[in-house]
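Architecture at a glance
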Amino acid sequence: MAGQSYNSLPRGCMVGFAMPFVLVGVAATGFLYWSTYQAYQAQSWVEVPATILSASVKTHRGGDSTTYSVETRYRYDFEGKTYHSDRVSFSPFTSDGDRNWHRAMVRRLKKHASDKTPYPCFVDHAAPENAVLERGARFSLMLLVSVFGLAFGGAGIAMLTLDRNPGWQEKRLQMAQASGQMWRVRSDWEAGEIRIAPLKRLRYLLPCLVLLSILALPTILLLPQEFQRESRWAYLGLIGPFAIAITAVKVFTAVWHQIRRGVTRIQLATVPGVIGGPVTGIIHSSRKLNMPAGVRVTLRCDRATRDSSETRSIAITETCWQDEQTILIDLKQSDANESAVPFDFVAPFDLPDSAPLEDEKVDWILTAKGLAVGSPLDITCEVPVYRTVDSSEDLKRPESLVADFSGPDQPDDILLELGVRAVDGGVRKRWWITGQKTLSGILTLLVFAGGFDLAAFLVFRYEGPWFIGVILGLIGFPLTLGFIHTMLWRCRIETASGMVRIRSGMIPLARWKNIPLDDFDRLSIRQTTRVNEKTYHEVYFQARNRKPITVGKGIYGKHRTLQYAAALWRQVIGSEPPEIKTRSFGDNDKT
């Protein structure tokens, strides 16, 4: 089987390859729960004084590793009888690599032996010959086993579930390459129907959540005890509940989106979409849409490259082309419980084919978002677009087809979609801007900020290492401020008599600024965050000798941000916008 990749292994070989990883995860889980059970049972054992007869650390060298064990003998009396034992803890391992724990244990035992003071011993009253010196579970060992179980068990489960038929997928790729029809690498592309269901993400999230919960539960139960003992390992133990909370937020978000949005199907009229030809189809939503407000459909071509140097490698995504339509009609009957939204684009002839598997990745992305407040339609998916025999360099968009179902791209619609509400009071005009917020983004930021703040609080509460508390606090405090700022940020703009009155920031703290209308001469945008290949931007107005003022936050996509900036400038300033510049982080230059 030399030279054969894992993905080309037969199903039986793949299972055989994955099972040892799964068995390591099962063994780790068994150890964790067995240790927790033993520690729980030992809480009812009777404490008696024991005399330490001998104690030493034994070193075991073998191969590339060195392990240690505690060698001891002690004597204890129970109900008038004398017993001898050498059991230190409930660990099933005869030795392990935690040298510090073994040395600390031997130091304590030797001190009691030299001082001739008894060492507490715990005896099973039902079987007095069964005794132990440390009846609690070793938290550091359990934490290490949890990591091993998660790494190996997770890898094994991933092999068995994420790639259920790799041989057929390899064969599909070979067939697509042989026929020159690369869109056949995906079955949904070949069928011309792409299903988008938020619950599909649970295929990956639920196993992660279950595995994390099972492996982290024993250490989570021991966390209060470890903090009381002022153990430094307890702070590492916080990673478990933190990871569970993040995964649970993602699961909740997927379920919420499934309930709210239902299932969406993209039905392509031509398979594939044609470069130098039409990219046409229908978006089927299982929820009824408010079509008078319209649906904005966007098609764009993204090229991902990697800029590598000696010290780092950066992924760069460039939008080669983008087009938008605002669709105003529903092909379904008005009394139907679902909607069907048509779209029709023409892809320019000089653009690259879809290449989802290449090193220089090219993705054709279709997005659709309902413009009505609370619309259930908000989808993003990849569609196949290739150069075929139908491609034509001279093909133009058939305007008659588009006019049947698309409306004009009005600036007012763009601003309304992105959270801008305008009130025309005649002489005085007002704009209320709230910025863009997503449920998943807010919940993720809340979990991160709350997790770091809670960890810092516990460190200081139980008098842990102060420097760890300071580090956790320095991470959590900006995240908390960012969450508060995101929730409370608002922008208010008023214009009257050649003056602009503007207030931007956290409304309880932000101050009004009065600036002459003619002083505004610069318009800029800045990328603030990047999440799962999605970029979010802010928009700034700037007047002479003043710092930039934020007038838009959380806008998805650079193209959409540029449209927003130009539309808002035209409404507020009343003139054509200047050249829109891209600012860098921390750039507050007044000149």
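Look up a bit, the structure's there.
Figured I'd write up the structure that's included with this text. (Residues numbered from 1 in each chain as written. Predicted model: local features only at pLDDT ≥ 70, side-chain atom pairs only at ≥ 80, totals over all residues. Heavy atoms only, no water.)

1. Some remarks on the overall build of the protein chain
In terms of helices and strands, the protein chain carries 13 helices and 25 strands. Counting over 591 residues, the protein chain shows a buried share of 41%. Of the accessible surface of the protein chain, which amounts to about 31,800 Å², a share of 56% is contributed by carbon and sulfur atoms. (Helix = DSSP H or I, 4+ residues; strand = E, 2+ residues; numbered from the N terminus. Buried < 20%, exposed > 50% of the residue type's maximum accessible area, 1.4 Å probe, protein only. Areas by Shrake-Rupley, 256 points an atom, 1.4 Å probe, with all protein chains shown as cover.)

2. Quick word on the sheet that holds strand 4 (residues 119-123)
Strand order across the open sheet formed by 5 strands is 3-2-1-4-5, with antiparallel pairing between neighbours. At either end of the open sheet lies a strand with only one pairing partner, and these are strand 3 (81-85) and strand 5 (131-132). Of the strand pairs in this sheet, strand 1 (residues 46-62) and strand 2 (residues 65-78) are connected by 12 bridges, and their pairing is antiparallel. Among the inter-strand pairings, isoleucine 52 is bridged to a residue of strand 2, identified as tyrosine 74. Lying on the sheet, helix 2 (residues 99-115) is in contact with strand 1, strand 2 and strand 4; it crosses strand 1 at an angle near 135°. (Pairing = 2+ DSSP bridges. Contact = heavy atoms within 4.5 Å. Axes fitted to C-alpha atoms, helices over the stretch in contact; angles between N-to-C directions.)

3. Quick word on the side chain of arginine 300
Its location among the elements puts arginine 300 in strand 10 (residues 295-308). Of note is the side chain of arginine 300, whose polar atom sits 2.8 Å from the side chain of aspartate 302. Apart from the residues lying within four places of it in its own chain, the contact partners of arginine 300 are Thr319, Trp321, Gln322, Asp363, Trp364, Ile365, Thr367 and Tyr556. (Polar contact = N/O pair within 3.5 Å; in protein donor to acceptor, adjacent residues only side chain to side chain.)

4. As for the layout of surface pockets
Of the volumes computed, that of the second largest pocket is approximately 520 Å³. What lines the second largest pocket is a set of 21 residues, among which Trp101, Glu134, Ala137, Glu226 and Arg229 lie closest to the centre. Counted by class, the lining of the second largest pocket contains 7 nonpolar, 6 polar and 8 charged residues. (1 Å grid on protein atoms, 1.4 Å probe; cavity = no way out; pocket = protein on both sides within 12 Å on 5 of 7 lines; lining within 4 Å. Points joined across faces, edges and corners; volume = space filled by probe spheres on them. Nonpolar A, V, L, I, M, F, W, Y, C, P; charged D, E, K, R; others polar.)

5. Things to note about the environment of proline 128
Its place among the elements puts proline 128 in the loop between strand 4 and strand 5. Residue class for proline 128 comes out buried when judged on its relative accessible area of 15%. Taking the C-alpha atoms as reference, proline 128 lies 9.9 Å from tyrosine 76; in sequence the two are 52 residues apart. Sequence-distant contacts of proline 128, defined by excluding residues within four places in its chain, comprise Tyr76, Phe78, Tyr83 and Val123.

6. Quick word on unusual backbone geometry
The phi angle of most residues is negative, glycine excepted, and most peptide bonds adopt the trans form. Of note, the amide linkage connecting valine 271 to proline 272 takes the cis form, showing an omega dihedral of 0°. Relative to the elements of secondary structure, proline 272 occurs in the loop between strand 7 (264-268) and strand 8 (273-274). Positive phi, close to 55°, is recorded for lysine 116, a residue that is not glycine. Of note, lysine 116 is situated in the loop between helix 2 and strand 4. Lysine 116 gets classed as exposed once you look at its relative accessible area, which sits at 76%. The phi angle at serine 497 is positive, at roughly 55°, despite the residue not being glycine. Overall, the relative accessible area of 71% leaves serine 497 in the exposed class.

7. So, the packing of aromatic side chains
Scanning the entire structure with this criterion turns up 12 aromatic pairs. Judged by centre distance (5.6 Å) and plane angle (75°), the rings of tryptophan 45 and phenylalanine 90 are edge-to-face. Of this pair, tryptophan 45 sits in the loop between helix 1 (11-42) and strand 1 while phenylalanine 90 sits in the loop between strand 3 and helix 2, placing them 45 residues apart in sequence. For tryptophan 45, a relative accessible area of 10% gives the class buried. (Phe/Tyr/Trp six-rings, centres within 6.5 Å; stacked < 30°, edge-to-face > 60°.)

8. Looking at empty space enclosed by the protein
A full pass over the atoms with the stated rule returns 1 cavity of 30 Å³ or more. Considering only enclosed or pocket space, the largest cavity measures out at about 80 Å³ in volume. Looking at the largest cavity, the residues that line it are Phe31, Ser35, Ala39, Ser89, Phe90, Ser91, Gly136, Ala137, Arg138, Leu141 and Met142. Contributions of two or more residues to the lining of the largest cavity are made by helix 1 and helix 3 (139-161). Among the elements that line the lining of the largest cavity, the one with the most residues is helix 1, at 3 residues. Of the residues in the lining of the largest cavity, the class split is 6 nonpolar, 4 polar and 1 charged.

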